[in-house]
Amino acid sequence: MATKTIPLVSVIIPMFNAAKFISQGLESLLNQTMQDFEIVVVDDGSKDNSVEVVESFKEKFGEKLYVIKFPQNTGTPGLPRNAGIQFAHGKYIAFLDSDDLYTETALEELSTLAENYQAEVVHTLSRFSLWKDVNQSVDDPKFTDMNYLMNPANWTRMRERKDLQITEPIFLSEEMTDRIKGFVQEDTFWSAQFSIYRRDFLIDNQIFFPPLLTSEDASFTFSCTCLAKKFLIVPNTTYIRRARLDSVSNENPSADELKTYFHKKISALKDGLKILEDKMDKMDFFKENPDYRYMVLDFFRKKHLAFSRYLRLNYGKFSMQQIGEFVKREFQPEDADFAAFLFNKMYLQTLRINELKKRIGELENEGA
């Protein structure tokens, strides 16, 4: 019996109700200049014909395409990704969201860099965005037009930190203090899609995604930042993002949906902080450097509470008592009142800061 060849890269695609747009991501893989890869699509209980659409590509990909089917939706892309990591056969792991695409040379560029530098993680510092990151309806013809999607003239390069410029690959410092400072300064995206990972590094260190409803990438990326001996950051741009109106990351809940929205955001914040605490408890560096521990937790809190922007826009619809009640539901009885008070205090402070910024702007305009 012939021994199965181990592919260089396993591309893991979590999928839920993606029938309208999964085809283009798969097409971008068909057109890769490097073909030594496999695709592991993990269907998270889709209710549409997503699985049928993916399976229609089996003849084109041959034995390189696998489909794992979850009977019910888990509510988080983290668990499907974990299943993909466990199933994958490749030396390296890459993650592609079901509504996104790769440039034609993406896998060749990333795998070559990983091999040449023997890196455990190769992280790209930028991504391409279609329609300049404005959310787009999946029913718009250009959302699924491959000629439009793969035309570089329609891509906008996006960077998390515009002040961090590199022209050639460099390793992150081996000093943990430097790595943590870089993490909270967002030297790297915390989204897992913008990197390629050596699979044995993930398995040996038990790096998987937590079952959070949102921001599950933060814990995963944090572990990689702390544990990878060779973490390579590169100037390459290989990922193409299609921002869509109905995406989970772009949700804009109505007043009636606020209770569910609060549960998703607050529970992810609360549980996410605990997960980060547990990870740092196992690392001597954070036991010896509590200031850096606080730095990580505070960064996660600030990033996660960015959703308060929605509350500011809709503040007139809710009383402080209503908002306090939403928050109380997410905490244990013994700390609910205190948590609600702290949240409201912070929220009022945010409102005050924005009022002051607005007033400063008005004064500057008056003096101009």
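Check the entry above for the structure.
Predicted model, so just to flag it, every value in this text is computed and none were measured. All residue numbers here refer to positions counted from 1 along the written sequence of the relevant chain. Residue-level local features of this predicted model are given only where pLDDT is at least 70; pairs of side-chain atoms are given and counted only at 80 or more, and the full residue set underlies all totals for whole chains, interfaces and linings. Water and hydrogen atoms were dropped before computing side-chain values, which therefore reflect all heavy atoms in the structure.

J.: So what exactly am I meant to see when it comes to the packing of aromatic side chains here?
T.: How two aromatic rings sit relative to each other is set out by the distance from centre to centre and by the angle between their planes. The rule is short: rings of Phe, Tyr and Trp, with Trp giving its six-membered ring, pair when the centres are within 6.5 Å, and they are stacked under 30 degrees, edge-to-face over 60, tilted in between. Applying the stated criterion to the full structure yields 19 aromatic pairs. Taken together through their ring pairs, the aromatic side chains of F183, F222, F285, F286, Y292 and F299 make up a single cluster. Geometrically, a lysine NZ or arginine CZ counts as sitting over a ring once it is within 6 Å of the ring centre and also within 35 degrees of the ring normal. Here the basic side chain of K60 rests over the ring of F57, its NZ or CZ set 4.9 Å away from the ring centre. Looking at K64, its charged tip hangs above the ring of F37, at a distance of 4.1 Å from the centre.

J.: For this particular structure, what's the right way to read unusual backbone geometry?
T.: It is generally the case that most residues other than glycine have a negative phi and that most peptide bonds are trans. Non-glycine residue N17 carries a positive phi angle of around 50°. With a phi angle near 50°, Q118 is a residue other than glycine that sits in the positive phi range.

J.: What is the right way to read the side chain of T221 from this model?
T.: Where helices and strands are cited, they refer to DSSP runs of H or I of at least four residues and of E of at least two residues respectively, numbered from the N terminus. When you line up the elements, T221 lands in helix α9 (residues 216-227). Residue contacts for T221: discarding those within four places in its chain leaves F183, F189, W190, S191 and A192. In what follows, a contact means two residues having at least one pair of non-hydrogen atoms within 4.5 Å.

J.: What is the right way to look at helix α12 (residues 290-304) in this model?
T.: Residues that lie three or four places apart on an α-helix share one face, since the helix turns once every 3.6 residues. An expected span of 1.5 Å times one less than the residue number is assigned to each helix. Over its 15 residues, α12 runs 21 Å from end to end, which matches the ideal 21 Å to within 8%, given 1.5 Å per residue. Every buried residue of α12 is listed here: Y292, R293, V296, L297, D298, F299, F300 and H304. Note on exposure labels: buried denotes an accessible area under 20% of the residue type's maximum, exposed denotes more than 50%, and partly exposed covers the range between, all computed with a 1.4 Å probe on protein chains only.

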